[in-house]
Amino acid sequence: MTSRLSVERLRRDGERFMQEISREYYEAHSGLKPSAELQPIYAAHRDILASDALEVAREYFAGSTEGSEEHRSARLLLDWQVESQSSRELAPLDEQEIAWEADAVVTTPDGRRIPFQRVAIEQGNSTDRNERASLEKARAALVQRELAPMRRERFQRERDITESLALASGYNPTWELLSGVSLTALRDECAAFLRDTQAMWDEVLPAALKRVLGIRREEATRADALALFRAREFDQYFPATEMEPAILRQVREMGVDPLANGRILLDTGEREGKRSRAFCAPVRVPDEVYLVLRPHGGQTDWNTFLHELGHALHFAYMRPDLPMEFRWLGDNSVTEGYAMLFDHLMQDAGWLQRYTGLDKQVTPAFLRAAGLEELHFLRRYCAKLIYETELYGGSVSWEALPDLYVQLLSDATGFRYDPADAFVDVDTRYYAARYLRAWQLQAVLTESLVSRYDADWWRNPRAGPWIVQALFGEAQRELAHEQAQRVAGKAMDFAPLIRSIERMLE
Ligand SMILES: [Zn+2]
């Protein structure tokens with residue numbers, strides 16, 4: 001009885017804690033505040049973040065029957081508590097890192113000073129390979145010297161804290177227990193995907209490098225990848241002023257209010273200190289959801305806006321009566337799957353011709369470029385997941401990880417990676433696995449929407465209400481593969497993604 005009451009308190013105070021943290025991140029990452037002050041929030045909520053709270057969640061989990069709703073809730077609450085144990089201890093490091101990213105400046109050999117946050121944008125926009133390379137050299141040196149040691153310490157400590165809880169025999173089995181997802185199976189699928197698409201990649205990459213950047217495959221680095229996929233040649237078809245009106249119109253045509261009656265707030269203007277990577281901040285779910293984007297220009301913005309809008313719609317249309325753990329926690333492959341459902345509209349010829357400046361003549365070339373980018377992105381994420389299982393797995397020493405990172409990422413992508421990024425280019429707590437499963441879920445959902453509402457489901461006024469009710473409303477109660485079964489009666493895998501890439505590259 002006391003334990004049930006305590007679970008209720010975990011839910012109630014936990015939601016308040018999450019709202020405060022989320023607001024702090026929103027304000028710091030959007031440039032409204034110079035830095036994030038996380039430690040006062042952790043201090044104010046120490047009761048629900050201390051080891052007692054972990055014990056409540058652990059008992060609730062141990063006492064629930066596998067397969068029951070209670071077990072589902074308990075797994076999510078325990079996962080959250082385990083994450084909180086490390087987040088609380090790592091808060092000073094996270095604060096330090098956020099402050100560093102906001103202040104850091106890269107100085108090039110010719111004396112140019114570029115804010116760290118803008119380097120990727122500059123590299124993507126630069127048409128001069130030497131300029132990209134010198135910027136990359138300066139960036140990597142700074143990262144190696146200042147950011148990499150902070151991040152390495154962060155991962156070491158996170159692994160130690162998680163393993164010390166002794167929920168399973170190591171970091172990876174603990175993650176599998178708490179997520180309900182098999183890393184071993186996903187890793188095998190990634191290795192198979194890399195093998196199955198190797199010949200295709202070897203054929204398309206060198207031609208694209210030569211055509212777009214005028215360079216050979218042997219000399220291509222990650223900075224060149226940014227420029228290649230920036231795909232400036234299509235920018236004219238994606239005017240900045242048209243982006244919001246066109247995309248919001250499409251969501252309306254689908255039968256959904258794109259701003260969810262004011263619950264979604266768009267923060268899409270240029271602001272100093274704003275992160276270059278767009279994000280969605282659900283500050284109160286479902287009532288106050290921010291979509292934050294720093295404009296880079298061209299099709300990238302359209303793609304990012306669609307992605308973040310998928311998240312924002314998901315959060316803003318969650319059923320408010322669902323318990324906190326289904327709205328705030330759960331398998332993020334689901335929310336990433338909805339984000340990808342929207343950003344993959346940029347791979348739909350009909351959608352492109354209706355809402356962007358692309359016409360019938362240019363669309364095939366655009367889709368070939370999109371197919372190339374999709375294949376690159378998937379291969380990069382497959383390699384990242386394989387690398388991260390080693391980083392968290394513990395059988396490779398910390399000293400040896402940078403070489404492994406360079407080898408795995410460079411082999412998979414065909415672009416030379418820098419060892420400085422081995423602890424920086426890592427999604428914490430296997431977020432790469434969430435993305436990879438989201439890709440698979442997106443493919444299942446798109447197929448299902450096409451069969452229910454036809455190829456132009458995105459402008460069918462019956463499709464939106466179904467998406468809101470059957471998908472968004474359910475929040476994140478289900479695991480991604482459970483949802484694929486419920487909605488489409490299908491298992492998730494990479495096969496439909498390979499088929500769609502082959503169609504685009506034709
Ligand atoms: Zn996302």
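Coordinates for the structure precede this section.
Once a new chain begins, its residue numbering starts again from 1 and follows that chain's sequence as written. In keeping with the model being predicted, local features are shown solely for residues with a pLDDT of at least 70 and side-chain atom pairs are shown and tallied solely at 80 or more, while totals for entire chains, interfaces and linings include all residues. Each side-chain value is worked out from all heavy atoms of the structure, with water and hydrogens disregarded.

Asks: So what about the pattern of salt bridges? Which residues, and what values?
Replies: Close approach of charged atoms allows side chains of opposite charge to pair. In what follows, salt bridge is the name for a side-chain nitrogen of Lys or Arg lying within 4 Å of a carboxyl oxygen of Asp or Glu. Taken as a whole and judged by the stated rule, the model has 54 salt bridges. Here Arg 129 ties to Asp 224 by a salt bridge, and the two come within 3.2 Å at their closest N and O atoms. With Arg 129 in helix α6 (residues 129–164) and Asp 224 in helix α10 (residues 222–230), the pair connects residues that are 95 residues apart, well separated along the chain. Accessibility expressed as a relative area gives 1% for Asp 224, which makes it buried. Beyond isolated ion pairs, a larger network of salt bridges with shared partners links Glu 136, Arg 139, Arg 222, Arg 380, Lys 384, Glu 388, Asp 421, Asp 425 and Asp 427. Each helix corresponds to a stretch of at least 4 residues labelled H or I by DSSP, and each strand to a stretch of at least 2 residues labelled E; elements are numbered beginning at the N terminus. Here's how the labels work: a residue is buried when its accessible area is under 20% of the maximum for its type, exposed when over 50%, partly exposed in between, all with a 1.4 Å probe on protein chains only.

Asks: Lay out the layout of surface pockets with the relevant residues and their values.
Replies: Method remark: on a 1 Å grid restricted to protein atoms, a set of points is classed as a cavity if a 1.4 Å probe fits but cannot get out and as a pocket if it is open with protein on both sides within 12 Å along at least five of seven lines; lining residues have an atom within 4 Å of a point. Grid points are joined across faces, edges and corners, and a volume is the space filled by probe spheres set on the points. Of the pockets and cavities examined, the largest pocket occupies roughly 500 Å³. Forming the boundary of the largest pocket are 20 residues, of which Gln 347, Asp 348, Thr 446, Ser 500 and Arg 503 lie nearest the centre. Of all the secondary-structure elements, those providing two or more residues to the lining of the largest pocket are α18 (431–453) and α21 (495–505).

Asks: Summarise the coordination of the zinc ion; cite the residues concerned and give the values.
Replies: Around the zinc ion, the protein contributes the donor atoms His 307 (NE2), His 311 (NE2) and Glu 336 (OE), at 2.1 Å from the metal centre. In this analysis a donor is any N, O or S atom within 2.8 Å of a metal ion (3.2 Å for sodium, potassium and calcium), and since water is not included, sites may seem incomplete. Expressed as a motif, the donor residue spacing for the zinc ion is H-x3-H-x24-E. Taken together, the positions of His 311 in helix α12 (residues 299–316) and Glu 336 in helix α14 (residues 332–343) put the pair 25 residues apart, joining distant regions of the chain. No difference in accessibility class separates His 311 from Glu 336, as the two residues are buried.

Asks: Lay out the packing of α10 against helix α16 (residues 363–393) in plain terms, naming residues and giving numbers.
Replies: Packing of α10 against α16 brings their axes to within 11 Å, and their N-to-C directions diverge by 145°. Remark: the crossing between α10 and α16 carries left-handed chirality. Of the residues in α16, those touching α10 at Arg 222, Ala 225, Leu 228 and Phe 229 are Leu 372, Glu 373, His 376 and Arg 380. For the contact of α10 with α16, the class distribution of residues is 4 nonpolar, 1 polar and 3 charged. Throughout, an axis means a line fitted to C-alpha atoms (over the contacting stretch in the case of helices), and angles, computed between N-to-C directions, take values from 0 to 180 degrees. Crossings are assigned a handedness: left-handed for a near helix turned anticlockwise from the far helix by less than a right angle, right-handed for a clockwise turn. Here, two residues are considered to be in contact whenever any of their heavy atoms come within 4.5 Å of each other. Classification convention: Asp, Glu, Lys, Arg as charged; Ala, Val, Leu, Ile, Met, Phe, Trp, Tyr, Cys, Pro as nonpolar; all other residues, Gly among them, as polar.

Asks: Tell me what's going on with the packing of aromatic side chains, and back it up with residues and numbers.
Replies: When two rings of Phe, Tyr or Trp (its six-membered ring) have centres within 6.5 Å they constitute a pair, described as stacked for plane angles under 30 degrees, edge-to-face for angles over 60, and tilted for the intermediate range. A full pass over the atoms with the stated rule returns 25 aromatic pairs. Summarising the aromatic geometry, the rings of Phe 377 and Trp 439 are spaced 5.6 Å apart at their centres and angled 80° between planes, so their arrangement reads as edge-to-face. With a gap of 62 residues between them, Phe 377 in helix α16 and Trp 439 in helix α18 connect regions that are remote in the sequence. The structure contains a cluster of three or more aromatic residues connected by ring pairs, namely Phe 155, Tyr 171, Trp 175, Tyr 392 and Tyr 430.

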